[in-house]
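# Notes for the structure review
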Amino acid sequence: MLALAAGVVCHPSARAGNQKEEALADSVRVALSSAIRDARPPRPTFSNERDRLHYDAWLAQMSERLRRKLPDEQTRSEFLATAWYESRRAGLDPGMVLGLIQVESAYRKYAVSMVGARGYMQVMPFWTNIVGDRNRSALFNMQANLRYGCSILRMYLDMENGNTYLALGRYNGSRGRPEYPNAVLSAWSHWKYTSPL
């Protein structure tokens, strides 16, 4: 129990900024809320064998890269499958999401930043009031955290007309400042999939 408490306390490498609670159009709030509520488990589906083989190769490559951060094979496999699923579901590059997680929490499930952001993607608890069911502890659930984070990042990309740099700054609460977007873009380069073919 003491180890769990130690893992939840603020940690200097949790880099979440102070995400802003913004006024959202009703249509955006409803879309985000329905995206968060969809509790289907991550089950990748593929329209053809080529896509399935591509996913299997991606999973093997990312698993090798993530081995040092998540040494348990089952945990790592479940994490990567969920990150891929939630990224694709939100229309995001899984490599960018993995880079963001590296910068935000260093792959620590129970990370809490100085401003109170939680979990892998350092989601601010106020989001559970705006689009969720007010269950802040759900932000320590792997799938819920990745679903919130990916949905919020997708919303910011849409708000910024696809400008990744500005959307990342908005995600971190540091829009217009270069440090955070540059850190995520640099980390993203490590998580880009290189096809073996």
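Throughout, a residue's number is its position along its own chain's written sequence, starting from 1. Selection of residues for local features in this predicted model requires a pLDDT of at least 70, selection of side-chain atom pairs for listing and counting requires 80 or more, and totals for whole chains, interfaces and linings are taken over all residues. Note: side-chain values were computed over all heavy atoms of the structure, leaving out hydrogens and water.

### So, the overall build of the protein chain
Counting secondary structure elements, the protein chain contains nine helices and zero strands. Under the DSSP-based scheme used, a helix requires at least four consecutive residues in state H or I and a strand at least two consecutive residues in state E, with every element numbered from the N terminus. Helices and strands in the protein chain line up, N terminus first, as α-α-α-α-α-α-α-α-α. The long-range share in the protein chain, meaning contacts at least 24 apart out of those at least 6 apart in sequence, stands at 62%. Surface exposure here means Shrake-Rupley accessible area, sampled with a 1.4 Å probe, where a residue is shielded only by the protein chains that are shown. When the accessible area of the protein chain is evaluated, it comes to approximately 10,200 Å², of which 53% is carbon and sulfur surface. Whether two residues touch is decided by their heavy atoms; if any such pair falls within 4.5 Å, the residues are in contact.

### Notes on the packing of aromatic side chains
Working definition: a ring pair exists when centres of Phe, Tyr or Trp rings (six-membered ring for Trp) sit within 6.5 Å. Plane angles under 30 degrees give stacked, over 60 give edge-to-face, the rest tilted. Applying the stated rule across the entire model yields 10 aromatic pairs. Residues Tyr-55 and Trp-58 carry aromatic rings whose centres are separated by 6.2 Å and whose planes lie at 25° to one another, so their mutual orientation is stacked. Here Trp-58 and Tyr-55 lie together in helix α3 (residues 49-66), a separation of three residues that amounts to about one turn. There is no split in this pair, since Tyr-55 and Trp-58 are both buried. Cluster of aromatic residues (ring-pair linked, three or more members): Phe-46, Tyr-55, Trp-58 and Trp-84. A cation sits over an aromatic face here: Lys-192 above Trp-188, 5.0 Å from the ring centre. A simple rule labels every residue: compare its accessible area, found with a 1.4 Å probe on the protein chains alone, to the largest value its type can have, and call it buried under 20%, exposed over 50%, or partly exposed in between. Each ring is checked for a lysine NZ or an arginine CZ that lies within 6 Å of its centre and within 35 degrees of its normal; such an atom marks a charge sitting over the ring.

### Re unusual backbone geometry
Not every positive phi belongs to a glycine, and Ala-106 is a case in point at roughly 55°. The topology assignment puts Ala-106 in the loop between α5 (94-105) and α6 (126-130). The phi dihedral of Gln-122 is positive, around 50°, even though this residue is not glycine. Take Gln-122: it is sitting in the loop between α5 and α6.

### Observations regarding the confidence of the model for the protein chain
pLDDT gives the predictor's per-residue confidence on a scale running from 0 to 100. Per-residue confidence for the protein chain gives a mean pLDDT of 86; residues scoring 70 or more make up 79%. The secondary-structure element of the protein chain with the lowest mean pLDDT is helix α1 (residues 2-8), recorded at 40, while α5 shows the highest, at 97. Predicted confidence for residues 1-12 stays below pLDDT 50, and this span has 12 contacts to residues more than four positions away or in other chains.

### Structural notes on the side chain of Asn-145
Checked against the element boundaries, Asn-145 lands in helix α7 (residues 142-159). Any pair of nitrogen or oxygen atoms within 3.5 Å is treated as a polar contact; in protein, a donor-acceptor pairing is required on top of that, and neighbouring residues in sequence qualify only through side-chain atoms on both sides. Engagement of the side chain of Asn-145 in a polar contact is seen with the backbone oxygen of Arg-118, the distance being 2.8 Å. Excluding anything up to four places from it in sequence, Asn-145 contacts Arg-118, Gly-119, Tyr-120, Met-121, Gln-122, Val-123, Ala-138 and Leu-139.

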